[in-house]
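Survey of secondary and tertiary structure
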There are 12 protein chains.
Amino acid sequence: MKKIAIINGPNLNLLGTREPEIYGKETLADIRKRCEKKARELSVKLDFRQSNHEGELIDWIQEAGREASGLIINPAGFGHSSVAMMDALLAIPIPAVEVHLSNIFRREEFRHHTYTSRAVRGIISGFGGLGYVMALEAVAGK
Amino acid sequence: MKKIAIINGPNLNLLGTREPEIYGKETLADIRKRCEKKARELSVKLDFRQSNHEGELIDWIQEAGREASGLIINPAGFGHSSVAMMDALLAIPIPAVEVHLSNIFRREEFRHHTYTSRAVRGIISGFGGLGYVMALEAVAGK
Amino acid sequence: MKKIAIINGPNLNLLGTREPEIYGKETLADIRKRCEKKARELSVKLDFRQSNHEGELIDWIQEAGREASGLIINPAGFGHSSVAMMDALLAIPIPAVEVHLSNIFRREEFRHHTYTSRAVRGIISGFGGLGYVMALEAVAGK
Amino acid sequence: MKKIAIINGPNLNLLGTREPEIYGKETLADIRKRCEKKARELSVKLDFRQSNHEGELIDWIQEAGREASGLIINPAGFGHSSVAMMDALLAIPIPAVEVHLSNIFRREEFRHHTYTSRAVRGIISGFGGLGYVMALEAVAGK
Amino acid sequence: MKKIAIINGPNLNLLGTREPEIYGKETLADIRKRCEKKARELSVKLDFRQSNHEGELIDWIQEAGREASGLIINPAGFGHSSVAMMDALLAIPIPAVEVHLSNIFRREEFRHHTYTSRAVRGIISGFGGLGYVMALEAVAGK
Amino acid sequence: MKKIAIINGPNLNLLGTREPEIYGKETLADIRKRCEKKARELSVKLDFRQSNHEGELIDWIQEAGREASGLIINPAGFGHSSVAMMDALLAIPIPAVEVHLSNIFRREEFRHHTYTSRAVRGIISGFGGLGYVMALEAVAGK
Amino acid sequence: MKKIAIINGPNLNLLGTREPEIYGKETLADIRKRCEKKARELSVKLDFRQSNHEGELIDWIQEAGREASGLIINPAGFGHSSVAMMDALLAIPIPAVEVHLSNIFRREEFRHHTYTSRAVRGIISGFGGLGYVMALEAVAGK
Amino acid sequence: MKKIAIINGPNLNLLGTREPEIYGKETLADIRKRCEKKARELSVKLDFRQSNHEGELIDWIQEAGREASGLIINPAGFGHSSVAMMDALLAIPIPAVEVHLSNIFRREEFRHHTYTSRAVRGIISGFGGLGYVMALEAVAGK
Amino acid sequence: MKKIAIINGPNLNLLGTREPEIYGKETLADIRKRCEKKARELSVKLDFRQSNHEGELIDWIQEAGREASGLIINPAGFGHSSVAMMDALLAIPIPAVEVHLSNIFRREEFRHHTYTSRAVRGIISGFGGLGYVMALEAVAGK
Amino acid sequence: MKKIAIINGPNLNLLGTREPEIYGKETLADIRKRCEKKARELSVKLDFRQSNHEGELIDWIQEAGREASGLIINPAGFGHSSVAMMDALLAIPIPAVEVHLSNIFRREEFRHHTYTSRAVRGIISGFGGLGYVMALEAVAGK
Amino acid sequence: MKKIAIINGPNLNLLGTREPEIYGKETLADIRKRCEKKARELSVKLDFRQSNHEGELIDWIQEAGREASGLIINPAGFGHSSVAMMDALLAIPIPAVEVHLSNIFRREEFRHHTYTSRAVRGIISGFGGLGYVMALEAVAGK
Amino acid sequence: MKKIAIINGPNLNLLGTREPEIYGKETLADIRKRCEKKARELSVKLDFRQSNHEGELIDWIQEAGREASGLIINPAGFGHSSVAMMDALLAIPIPAVEVHLSNIFRREEFRHHTYTSRAVRGIISGFGGLGYVMALEAVAGK
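This write-up is about the structure you can find in this document. (Residues numbered from 1 in each chain as written. Chains lettered and ligands numbered in written order. Predicted model: local features only at pLDDT ≥ 70, side-chain atom pairs only at ≥ 80, totals over all residues. Heavy atoms only, no water.)

For the rest of this paragraph, the subject is the overall build of chain A. What chain A contains, in helices and strands, is five helices and five strands. Reading the secondary structure of chain A in the N-to-C direction produces β-α-α-β-α-β-α-β-β-α. At 14 Å, chain A has a C-alpha radius of gyration in line with the 14 Å of a compact globule built from 142 residues. Structurally, chain A occupies a C-alpha span of about 40 × 30 × 25 Å along its principal axes. When each of the 142 residues of chain A is scored for burial, the buried share is 70%. Within chain A, contacts between residues at least 6 apart in sequence are counted, and of these 75% link residues at least 24 apart. For chain A, the accessible surface area stands at approximately 4800 Å², while carbon and sulfur atoms represent 49% of it. Considering chain A, the positive charge centre built from 19 side chains and the negative charge centre built from 17 side chains are found 6 Å apart. (Helix = DSSP H or I, 4+ residues; strand = E, 2+ residues; numbered from the N terminus. Rg over C-alpha atoms; globule rule 2.2 N^0.38 Å. Buried < 20%, exposed > 50% of the residue type's maximum accessible area, 1.4 Å probe, protein only. Contact = heavy atoms within 4.5 Å. Areas by Shrake-Rupley, 256 points an atom, 1.4 Å probe, with all protein chains shown as cover. Lys, Arg positive; Asp, Glu negative; His and termini not counted. Charge placed at Lys NZ, Arg CZ, Asp CG, Glu CD.)

So this is what it looks like as structure tokens:
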């Protein structure tokens, strides 16, 4: 059974209470549940994690590159500044998809650019938790 | 039965033969078929069009604003330059989603920015024809 | 009797319903009526048009250059991107005035610049439909 | 009877002799006369002033905010550099209009931007003395 | 007999009267005659067109890609803003040459860059109608 | 007894009524009172002034350089544009502190930079009238 | 008794020996003592920490958001690059103040901007250890 | 006998004590004496002034335009920001020369540009008080 | 008999072996032969030279200005950096044409701009050795 | 016996398999062996580490500052974004050298700049594992 | 007897005929005569040269550094691009003055900046041949 | 026996006396000796040259391309401006290494970029004369 890693970046553990007018009321646990439901439909195994530590996220991306067959990453704030995270994504042989809950192009100028988007197959931005489900289909789907 | 408009911008009529290493081998007719299959699953009606004329695309966006309940737009090259198309999207009361076949963030610098992305719910970039199907779920799905 | 052309750019056909907090509640028909009233006072004939098509707008600017004695243009979104429309204005021998309903300098950065403003006698921005009446006085007045 | 303040910035006292190919041959006294004629038609009282001193202009803007019901300002060169004058305009509760004699968008790049334009209802540029009359109608008109 | 398409962009129909100090006194008809004379020498067939409509120009570029063996394009003002026209040129399998009547590098800064130049074999700028003849030699010549 | 000069720039005389959602409801007189209370605690003498005139502010900075032992300056709008005021601060031998009522870094881009901050010991921004009291401690405290 | 968190970023553990001409001779322990003295005066409890790890700092900001009633942050070098730390500050419901020991506006250009300053009540820069005491008054004071 | 106006901008009254490592030890009175000596040699009359007030400097430039036959201006800090002072220089019919005591091109980036330099015959920068004498020769010399 | 100077800049002596995928396999001798053949047709005399020395190239441009009736210049790398070479072209009274073998607009960003293009009648870029022949027709043709 | 710290940044643990066309086929273990061989020749002791965690790298730089007599750092992706790592290097009293495996100046624009290069004695870029050996000679050599 | 070197850059040998509306009608020989007359007054020896070769100019600057006691340089076009010439000026122990015939600040944007100005005592721009005489006084004067 | 060319750019002949606080006290002759000693160890022949003439340096790079098996270049000031020198390096088939005596990244902004670095195998900056020895090992070593 294929394993898909879903890696969540900084502050996403606060979803639901963090600026809900931007990020919505769904918690990360809610999103996890939606993903697990979809994973069962797609017959894939999920490895769903969150960290506020850039280094840990890079470790996990590398681990996914060895152990999973696909990767979904919500880099959150690190996407805008982390060349190192982009380099980790470039270094792994599995397809990756970048997800953002909000539409980053309707927000402050500095959020319009992510380094990570240069290293993934595609980007999905603005669909809240649904974006993760879409990404799962893209990574794990037929 | 809800109607979803799918509006395709310039040069997308050439899909399949146009720089296939970037845009893939699927033709626009192939994408239309995938969308129609998904539309049947979602019990929505599609209105699928393509034009190389910015004015016609704006007319169609306005028309969709009056007659459809959701809009999927692949602005192609106009996304990068057309404030007018962005304004049309801002002027209509229905949810819209922007789709790009290629991951525009892995391409030339001037393709990283679209005006239209400021006027839609979300953006999906890099998934080829599958991106349209994802967008349909986002616009028409539960 | 002198003829004044009034040419309206993309999305202005939606006035009244389009983002009324920015553009006001007057429709384009309302503005036309105000202009016609003023035209009668000034004893000039009006040719009032709107299009979402850049090419058609350029055709009309050229036509006005041959058949009218003055031109009022609200380029809307095309003003920010269209060198071609600026070139059309530069190519005609009659005085032209640029009008914007909203004060474009209080809006997004990319709206602060218009190419067309380099090719007209003057610019009037921020006065809603009244701006057209002012422009008529400037173009057709003594 | 309503009072409208008309405040003129630096070097406008030289009108008529100052670079007439740009600013025209009308003197500031001529413009004052045109404004007073219009004011009588509109049944408003004028307070017409000029200064080369930014601080004095700010004092006058504040005074207008207390004593007049509308303000017309030609900030001249200060418009391009004075955040303080913009702040004064933002601080007063009456409608203000910015006027420029020449079309600032056909001139040097640094003249295309004014801070003051962010703090007024609208801007009129390129109509010589007529621009003041237009502004009077906008501020004092029905 | 080979066919060469010559496609002219916005405002070129006004040549001869449009800013002759920049564009010269030759009309588009004059240029067409020079081209036809050269075409006879080169034993090629010409398809010479002009439009102010970006969409029509894109349609014609695509058509040339199917039916001609070479393309000469004077994008005029659209060259500076149209990613869509560049994409059309990138999508066709025939050699294309970009021509400008004036030397665009001696003019305003925004005219120094064209998107279309990234998608053609070469660019010829500053030689008036002769530039078309040169281009014909390059595209149709031995 | 040490004297501390407190110099307030343009439009600060309007505090309390000027955009209170940004600047708060305290008037400049209220702030003066808070400062005088603190001054008594610190056993220093205050010289508290306000002007809308850049030249007068420069004169006062120079005067403070001769007569006071410390300076607190709220340059308001002049901070963003006045090299001359920065030069005055560089020219005096006493420690100076820059105070802003609002957090200038949460406002428009052009307010994020002040020339004056390059010429002072430190900057305090965002604490309303309390900022002046903090500055007094820094300048006059042990 | 209210708790105030004081969180110190990278390299601040080296204070006293690290470039003392810029940062002064006070050690972080010295600053902690000054803060504790002030805290006793203000009857608040302190939680004073330092880390070189961005992720740990984000964890602590989140923890402060749950357990403290105010936050003082010296982001040091992370302030200039960390969108993630800014996002953490935006996500918590307690008032925060940013402190820098040196006046960052007198240093290299890239130090003039901090992301974190967009997410705090105010910023205090250039007062060495005293800045922490000021911040305590602002956060914990009456 | 010809009159030459010498107008000195903000903070130049502090010469001799103000940052002598940059501006030297000569006072403005010393410079005035050097100029008067030179003026006697050249048989011209001097009108030597200094002000910290931009408005007063503009008044004086206009006055010089009416009453003197040449102008020497050291705009000091206002040179970098004052479009209004540039406009005053453009408005007067007499030759003007800009002088700076220090070589502004060896200093901070923002000092490399002056608006006033666009409106004078020439600029002399870096020669201390001698620069005024050179300027006198240029303006009043044979 | 008219003389046309053809001046070739740095590294063009290596043509044929230098990055042939960019510059083609023709040597400079081959190009010279093509030019001489064309010159005989046009009944003009050629003076064909190459140097890697900017100063020598400037000397030759000046010499051509005295002795030839037209100039063709391939500035190669110096075109992107040499104001001095542009000034030489501006200083001579004969028509000049700039030629580039490759289409410089399809290459690195810094190759898109040449100073020399501001000083010539026109530019021909992307046609290999044929570009020289075109230029000869433009300079020496009827 | 002197100790030299060699600190490797993010993703360098993947060397050999990570984009070998850029980074080569040597693994980090191979590089370590080359360094240890060189260290024996130079009679120095090595402390060779790698981490994906910016904070850990900063801790190690500080540790090296206390315990080693020289430092070699390959900051990898963190070099481009980490002011904090630069600050750590500035804070330590031992000589440091920056090494990059690839020539960062032949790669994407954002890789041309590193903050860390401002805080080291020198930089060696483009020599693969040999660069480490060179750096060892520079840091530990006579 | 002191020797002053006067070094003239590219195209200055064409003075008198080269764009006389910008550079005036004086030839370089005329300027040399003016300088020699002034030199006799100042009892200094001149070494007056001109070259179009950057390398030769650098050689001469170095030679002047060994053999002259002062240097006057008109770098002409090389001033805008030559770091090497700036470095030569930085490397020599004698005072240098930069002269430009025209006021470079009234010309194209790229002429406003010279590298050489960062390496000289002062700059004199806009006074034609008189500028050389002024420079002689500054370099050779008491 | 392999030959390695070492080519030194402008002003390097002045080493030892030229700004020794930046470039050190070693002369170019000293560096040559170090290189020759190393060359003997490596059993390669050196060709060590210096010129202030860009054209000569390009000639020498081309010559090295024909006659040497490796190249070490210190482009000095030309590295920052010379596309032509970069093109010469791109045109030759032998490996090249760029050396700078000082760490160019700790100096003025304009020294952080060199064109030549895009055309070499690697760059070594900041190690004084030792950098040449390192480069020799890289180019000539096993």
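Continuing now.
On the side of chain J, 16 residues touch chain G, which itself brings 15 residues to the contact. Together chain G and chain J conceal approximately 1300 Å² of surface at their shared face, both sides included; 53% is due to carbon and sulfur atoms. Between Arg18(G) and Asp87(J) there is a salt bridge whose closest N-O contact spans 3.4 Å. Residues that form the side of chain G that touches chain J fall into these classes: four nonpolar, seven polar and four charged. (Buried area = accessible area lost by both parts, 1.4 Å probe. Salt bridge = Lys/Arg side-chain N within 4 Å of Asp/Glu carboxyl O. Nonpolar A, V, L, I, M, F, W, Y, C, P; charged D, E, K, R; others polar.)

Mapping chain G onto chain J is achieved by rotating through 120° and translating by 0.0 Å along the same axis, at an RMSD of 0.0 Å. Both copies of the chain, as the preceding transformation shows, are related through a three-fold rotation axis. Considering only C-alpha atoms, the residue of chain G closest to the rotation axis is Ser81(G), which sits at 3.9 Å. Comparing contact sets, just 13% of the residues at the interface of chain G also lie at the interface in chain J, consistent with a heterologous contact between different surfaces. (Least-squares fit on C-alpha atoms with pLDDT ≥ 70 in both.)

Quick look at the side chain of Arg49(K) now. All names here are of chain K. Looking at the element boundaries, Arg-49 is found in strand β2 (residues 45-50). There is a polar contact of 2.9 Å between the side chain of Arg-49 and the side chain of Asp-47. A polar atom in the side chain of Arg-49 sits 2.8 Å from the side chain of Glu-63. With sequence-adjacent residues up to four places away left out, Arg-49 is seen in contact with Ile-6, Ile-7, Asn-8, Trp-60 and Glu-63. (Polar contact = N/O pair within 3.5 Å; in protein donor to acceptor, adjacent residues only side chain to side chain.)

Scanning the model with the defined rule gives 18 aromatic pairs over all chains in all. Plain terms: the ring middles of Tyr115(C) and Phe110(E) are 5.1 Å apart, the flat faces sit at 65° to each other, and that makes the pair edge-to-face. Here Tyr115(C) is found in the loop between β4 (96-100) and β5 (122-125), whereas its partner Phe110(E) is found in the loop between β4 (96-100) and β5 (122-125) on a different chain. In this structure, Arg18(G) is placed above the aromatic ring of Tyr23(G), and the distance from its NZ or CZ to the ring centre is 3.9 Å. (Phe/Tyr/Trp six-rings, centres within 6.5 Å; stacked < 30°, edge-to-face > 60°. Lys NZ or Arg CZ within 6 Å of the ring centre and 35° of its normal.)

Now for the environment of Arg111(E). Along the chain, Arg111(E) turns up in the loop between β4 and β5. You can call Arg111(E) buried: its relative accessible area is 2%. Once residues lying within four places of it in the same chain are set aside, the contact partners of Arg111(E) are Val83(C), Met86(C), Asp87(C), Leu90(C), Tyr23(E), His80(E) and Ile104(E).

Moving on, we get to the interface of chain D and chain C. Contacts between the two partners involve 21 residues from chain D, matched on the other side by 21 residues from chain C. By the criterion of area lost to chain C, the three top residues of chain D are Phe105(D), Arg121(D) and Phe127(D), representing 28% of everything that side buries. Scanning the region where chain D abuts chain C turns up two salt bridges. When the shortest N-O distance is used, the salt bridge between Arg118(D) and Glu109(C) registers 3.9 Å. Where chain D touches chain C, the interface holds 10 residue pairs in polar contact (both at pLDDT 80 or more).

Spatial strand order, β2(C)-β1(C)-β3(C)-β4(C)-β5(C)-β5(D)-β4(D)-β3(D)-β1(D)-β2(D): 10 strands in an open sheet with mixed pairing. Taken across any chain shown, the strands that pair with only one partner, and hence form the sheet edges, are β2 (45-50) of chain C together with β2 (45-50) of chain D. Pairwise comparison of adjacent strand axes, ignoring direction, gives a mean angle of 15° for this sheet. The sheet contact formed by strand β4 (residues 96-100) of chain D and strand β5 (residues 122-125) of chain D spans four bridges and is parallel. Each bridged residue has a counterpart across the sheet, and for His100(D) the counterpart in β5(D) is Ser125(D). In the packing of helix α3 (residues 54-67) of chain D onto the sheet, the strands contacted are β1 (3-8), β2 and β3 (70-74) of chain D, and the crossing angle to β1(D) comes to about 170°. (Pairing = 2+ DSSP bridges. Axes fitted to C-alpha atoms, helices over the stretch in contact; angles between N-to-C directions.)

So, about the arrangement of the chains. At the level of C-alpha atoms, the two units chain C and chain I stay apart, their nearest approach being 20 Å. Chain K makes no contact with chain C, the minimum C-alpha separation between the two being 20 Å.

What follows concerns unusual backbone geometry. Here Ala76(D), not a glycine, exhibits a phi torsion of approximately 45°, which is positive. In this structure, Ala76(D) sits in the loop between β3 and α4 (83-91).

Strand order across the open sheet formed by 10 strands is β2(J)-β1(J)-β3(J)-β4(J)-β5(J)-β5(L)-β4(L)-β3(L)-β1(L)-β2(L), with mixed pairing between neighbours. Only two strands of the sheet have a single partner each, and these edge strands are β2 (45-50) of chain J together with β2 (45-50) of chain L. Taking each pair of neighbouring strands and ignoring which way they run, the sheet shows an average axis angle of 15°. Strands in contact with helix α5 (residues 130-140) of chain J are β1 (3-8), β2, β3 (70-74), β4 (96-100) and β5 (122-125) of chain J together with β5 (122-125) of chain L; relative to β3(J), the strand with the most contacts, it is inclined by about 155°.

Tallied over the full model, the rule gives 157 salt bridges over all chains. Notably, a salt bridge pairs Arg49(C) with Asp47(C), separated by 2.9 Å at the nearest N-O pair. By relative accessible area, Asp47(C) is classed as buried at 17%. Residue Glu137(K) pairs with Lys38(K) through a salt bridge whose shortest N-O separation is 2.6 Å. Of the two residues, Glu137(K) sits in helix α5 (residues 130-140) while Lys38(K) sits in helix α2 (residues 28-42), which places them 99 residues apart along the sequence. The residues Glu137(K) and Lys38(K) share a single accessibility class, namely buried. Several salt bridges converge on common partners, so that one network encompasses Lys3(A), Asp47(A), Arg49(A), Glu63(A) and Glu67(A).

Glancing now at the relation of the copies chain D and chain C. Here the two chain copies are tied together by a rotation about an axis and a shift along that axis. Overlay of chain D on chain C (RMSD 0.0 Å): rotation 180°, translation along the axis 0.0 Å. In short, the pair behaves as if placed about a two-fold rotation axis. Across chain D, the smallest distance between a C-alpha and the rotation axis is recorded for Ile124(D), namely 2.3 Å. Of all interface residues in chain D, 100% are interface residues in chain C too; the two copies therefore contact each other through one and the same surface.

Take the side chain of Gln62(B) next. If you trace the backbone, Gln62(B) turns up in helix α3 (residues 54-67). Contacts of Gln62(B), omitting those with residues within four sequence positions, involve Ile92(B), Asn11(C), Asn13(C), Leu14(C) and Asn52(C).

Moving on, we get to the environment of Ile4(L). Residue and element names in this part refer to chain L. Summarising the element assignment, Ile-4 is placed in strand β1 (residues 3-8). Looking at Ile-4, the relative accessible area reads 0%, which means it is buried. Along the chain, Ile-4 and Ala-96 lie 92 residues apart, while their C-alpha atoms are 9.7 Å from each other. Ile-4 has contacts with Val-44, Lys-45, Leu-46, Asp-47, Ser-69, Gly-70, Ile-72, Leu-136, Val-139 and Ala-140, leaving out every residue within four places of it along the chain.

Residues and elements named next belong to chain F. Running from N to C, helix α2 (residues 28-42) and helix α5 (residues 130-140) cross one another at 30°; their axes reach a closest spacing of 9 Å. Our classification of the angle between α2 and α5 gives roughly parallel. Like other packed secondary-structure pairs, α2 and α5 cross with a definite hand, here right-handed. Residues Ile-31, Arg-34, Cys-35, Lys-38, Ala-39 and Leu-42 of α2 touch α5, and the partners they reach there are Leu-130, Tyr-132, Val-133, Leu-136, Glu-137 and Ala-140. (Parallel < 35°, antiparallel > 145°, perpendicular 65-115°, else oblique. Left-handed = near helix turned anticlockwise from the far one by under 90°.)

Right, let's talk about the pairing of strand β5 (residues 122-125) of chain H for a bit. Neither face of β5(H) is open: one carries Gly122(H) and Ile124(H), the other Ile123(H) and Ser125(H), and all of them are buried. Relative to strand β5 (residues 122-125) of chain K, β5(H) is paired through three bridges, and the arrangement is antiparallel. Among the inter-strand pairings, Ser125(H) is bridged to a residue of β5(K), identified as Ile123(K).

With that settled, the discussion passes to the packing of helix α3 (residues 54-67) of chain L against helix α4 (residues 83-91) of chain L. Residue and element names in this part refer to chain L. Contact geometry of α3 with α4 gives a least axis separation of 9 Å together with a crossing angle of 5°. As summarised for this structure, α3 and α4 are arranged roughly parallel, according to the angle between their axes. Contacts between α3 and α4 involve Glu-54, Leu-57, Ile-58 and Ile-61 from the first element and Ala-84, Met-85, Ala-88 and Leu-89 from the second. Its residues assigned to classes, the contact of α3 with α4 comprises seven nonpolar, no polar and one charged.

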